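Here are the chains, one letter per residue:
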Amino acid sequence: MLRFAKLVVALTPLFAPVAVTAQSAEELALVREIFADLNPRSIAENREHCGYIGLDDEGSLTFSEPTPGDSDSCLADDPVNIQVITTSYHTHAAFSPDYSSELPSGSDMEGDEDEGIDGWVATPGGRLWYIDTDDMTTRQVCGIGCLPSDPSFIAGDSGIIEQSYSYDELVIKLGE
Ligand SMILES: [Zn+2]
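Given the structure is predicted, the values throughout are model-derived calculations rather than measurements.

Draft legend 1. Region of interest: helix H3 (residues 25-45). Between its first and last C-alpha, H3 extends 30 Å over 21 residues, near the 30 Å set by a 1.5 Å rise per residue. Maximum bend of H3: about 35°, positioned at phenylalanine 35. Buried residues of H3: Val31, Ile34, Phe35, Leu38, Asn39, Ser42 and Ile43, and no others. Against strand E1 (49-55), strand E2 (61-63), strand E4 (84-91), strand E5 (118-122) and strand E6 (128-132) lie the buried residues of H3. Note on H3: the residue one or two positions beyond its end, asparagine 46, has a positive phi of about 50°.

Draft legend 2. Structural detail: unusual backbone geometry. Of note, asparagine 46 is a non-glycine position whose phi angle comes to about 50°, a positive value. For asparagine 46, the location among the structural elements is in the loop between H3 and E1. A positive phi angle, close to 50°, is found at methionine 136, a residue other than glycine. If you trace the backbone, methionine 136 turns up in the loop between E6 and strand E7 (137-142).

Draft legend 3. Region of the structure containing helix H4 (residues 106-115). Those residues of H4 that fall on the buried side of the exposure criterion are Asp108, Met109, Gly111, Asp112 and Glu115. For H4, the arc enclosing every buried residue in end-on projection is 160°, short of the 170-degree limit, so these residues lie on one face. Looking at the residues trailing H4, positive phi occurs at glycine 116, about 70°.

Draft legend 4. How the structure looks around the nonpolar core. Residues Ile34, Phe35, Tyr52, Tyr89, Trp120 and Leu128 are the most contacted members of the largest nonpolar core, which totals 27 residues. For this core, the secondary-structure elements that each account for two or more residues are H3, E1, E4, E5 and E6. Leaving out residues up to four positions away in the same chain, tyrosine 89 has contacts with Val31, Ile34, Cys50, Gly51, Ile53, Gly119 and Trp120.

Draft legend 5. Structural detail: the pairing of E1. Among the 7 residues that make up E1, 6 are buried, leaving the element largely enclosed by the rest of the structure. Strand direction decides the pairing type here: E1 and strand E3 (residues 67-68), joined by 2 bridges, are antiparallel. By the bridge assignment, histidine 49 is partnered in E3 with proline 68. In this sheet, E4 lies alongside E1 in antiparallel orientation, the contact comprising 6 bridges. Opposite tyrosine 52, over in E4, you have serine 88 as the bridge partner. Bridging between E1 and E2 involves 3 bridges; their strand directions are antiparallel. Its bridge partner lying in E2, isoleucine 53 is registered against phenylalanine 63. Where E1 folds back onto E2 in an antiparallel hairpin, the turn is made up of 5 residues, including glycine 59, whose phi is positive at roughly 85°.

Draft legend 6. Inspection of the environment of cysteine 74 at higher detail. Structurally, cysteine 74 can be placed in the loop between E3 and E4. For the pair cysteine 74 and histidine 90, spaced 16 residues apart in sequence, the C-alpha separation works out to 7.8 Å. Setting aside residues no more than four positions away along its own chain, cysteine 74 makes contact with Glu48, His49, Cys50, Thr67, Gly69 and His90.

Procedures and definitions
- The residue numbering used here restarts from 1 in each chain and proceeds along that chain's sequence as written.
- Only residues with pLDDT of at least 70 get local features here, since the model is predicted, and only at 80 or more are side-chain atom pairs given and counted; chain-wide, interface and lining totals rely on the full set of residues.
- Helix and strand labels come from DSSP, where a helix needs a run of H or I of at least four residues and a strand needs a run of E of at least two; each type is numbered from the N terminus.
- Helix span, expected: 1.5 Å multiplied by one less than the number of residues in the helix.
- Note that the bend at a residue is defined as the angle between axes fitted to the seven residues ending at it and the seven residues starting at it.
- Labels follow a simple rule on C-beta atoms placed from the backbone: if 20 or more others lie within 10 Å of a residue's own, it is buried; if 12 or fewer, it is exposed; otherwise it is partly exposed.
- The contact criterion used here is simple: two residues whose C-beta atoms, placed from the backbone, lie within 7 Å are in contact.
- As used here, the arc is the angular range of directions from the helix axis to the C-beta atoms.
- We define a nonpolar core as a collection of buried residues of the types Ala, Val, Leu, Ile, Met, Phe, Trp, Tyr and Cys that are connected via C-beta atoms lying within 7 Å of each other.
- Two strands qualify as a pair provided that DSSP identifies no fewer than 2 bridges between them.

Structure (structure tokens):
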């Protein structure tokens, strides 16, 4: 909640809300760079890692150092180098037949919505998801193996995974 309060204060004088929603090619390239290192680490340690992407005080795209979480949750530290947060990012630890970790969770979407930002999620199977909280949808930016993946990942373990879900569809899919 504190983080949200700070975000609002940071946003108001600098940008109209339009700046928050843009998902640029530059940001996608940065995300792929972050996850190229972070997803293998997350899989090896079997814990999520999470952080933020946004603009520094010179207006350049940057990201915060990832915070380690545990096997099914992660709470990112407040970024010290970001003036305007645009998105969160997090990984989903190692493959487990006990979790539907190939998809964002309902609470992933709720968390981003609460903070007024969008989000990026990397899965053990190497999928990359984008969470858009303007219309509360999530979509696969790229599929299995587009990011480094867990060698023990079993495709199909979570059933059929669509290219995109609304929040309501996702919650039904995950049986939450
Ligand atoms: Zn998640």
